[in-house]
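Spelled out from the first residue to the last, the chains are:
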Amino acid sequence: MTAVWGCKLLGGVLLILTGTGVGWGQWGRCRQKLEEIRRFSALLVYLLDSVRYRALPAAAVLRMAAQNRAFAAMGLEQCRGFSSIPVPRALSPLAPDLQAGLYALERDPKDSACRTLEYLLARCRAAERRAQEEADRARVLFPRLGAAMGLVSAILLL
């Protein structure tokens, strides 16, 4: 009889730990989304600095960005113009606006291109703030919620 209760207790503890792990995984996905947005924002800052201070053509700027380790995961090697820069999935709600702005960079003069980049950067920074708040809430909520769900499952199975 004690072996059965020991197995049930062990199973309950494992359910709680599994729920907590799932919660930590959800938080990790929120952090990954935040990192994608931060990386794209950093790319926009890099583009803004390159256009504003160096006055380099798009192909040269993109070649330099592709060689930068900070942007290695963004797949910039195939990009020949600003409009071909891939927008991360984390920014999919803003994708049409971002793509239109990146396309406008290719045909606008320097001053207008800088204003466009500043606008795109402001949109990304706002999305970054929202993603940071979401990640902070997820860090607190999801592991606890997972543990609670594991505890409820363990209680129901006993």
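Preceding this paragraph is the structure being described.
In this text, all values refer to a predicted model and were calculated from it rather than measured experimentally.

Conventions adopted
Residues numbered from 1 in each chain as written. Predicted model: local features only at pLDDT ≥ 70, side-chain atom pairs only at ≥ 80, totals over all residues. Heavy atoms only, no water. Helix = DSSP H or I, 4+ residues; strand = E, 2+ residues; numbered from the N terminus. Contact = heavy atoms within 4.5 Å. Phe/Tyr/Trp six-rings, centres within 6.5 Å; stacked < 30°, edge-to-face > 60°. Buried < 20%, exposed > 50% of the residue type's maximum accessible area, 1.4 Å probe, protein only. Salt bridge = Lys/Arg side-chain N within 4 Å of Asp/Glu carboxyl O.

1. Some words on the environment of Glu-36
In this structure, Glu-36 sits in helix α1 (residues 2-54). It is 26 Å that separates the C-alpha atoms of Glu-36 and Gly-19, two residues lying 17 residues apart in sequence. Among all residues touching Glu-36, those that are not within four sequence positions of it are Pro-88, Arg-89 and Ala-90.

2. A closer look at the packing of aromatic side chains
If you walk through the whole model with that rule in mind, you get 2 aromatic pairs. Taken together, a centroid distance of 5.4 Å and an interplanar angle of 80° make the contact between Trp-24 and Trp-27 edge-to-face. Of this pair, Trp-24 and Trp-27 both sit in helix α1, 3 residues apart, which is roughly one turn of that helix. When its relative accessible area of 42% is taken as the criterion, Trp-24 is described as partly exposed.

3. Quick word on the pattern of salt bridges
With the rule as written, the count across this model stands at 6 salt bridges. Between Glu-134 and Lys-33 there is a salt bridge, with the nearest N and O atoms lying 3.7 Å from each other. Taken together, the positions of Glu-134 in helix α4 (residues 110-157) and Lys-33 in helix α1 put the pair 101 residues apart, joining distant regions of the chain. Lys-33 sits in the partly exposed class, given a relative accessible area of 30%. Between Asp-97 and Arg-123 there is a salt bridge; the shortest N-O distance is 2.4 Å. Placement of the pair is Asp-97 in helix α3 (residues 95-107) and Arg-123 in helix α4, with a sequence separation of 26 residues. Here Asp-97 falls in the partly exposed class, since its relative accessible area comes to 27%. For Arg-123, a relative accessible area of 29% corresponds to the partly exposed category. Among the charged side chains, a network of salt bridges with common partners joins Arg-31, Glu-35, Arg-38 and Glu-128.

Function-wise, these values are silent; they only describe arrangement.
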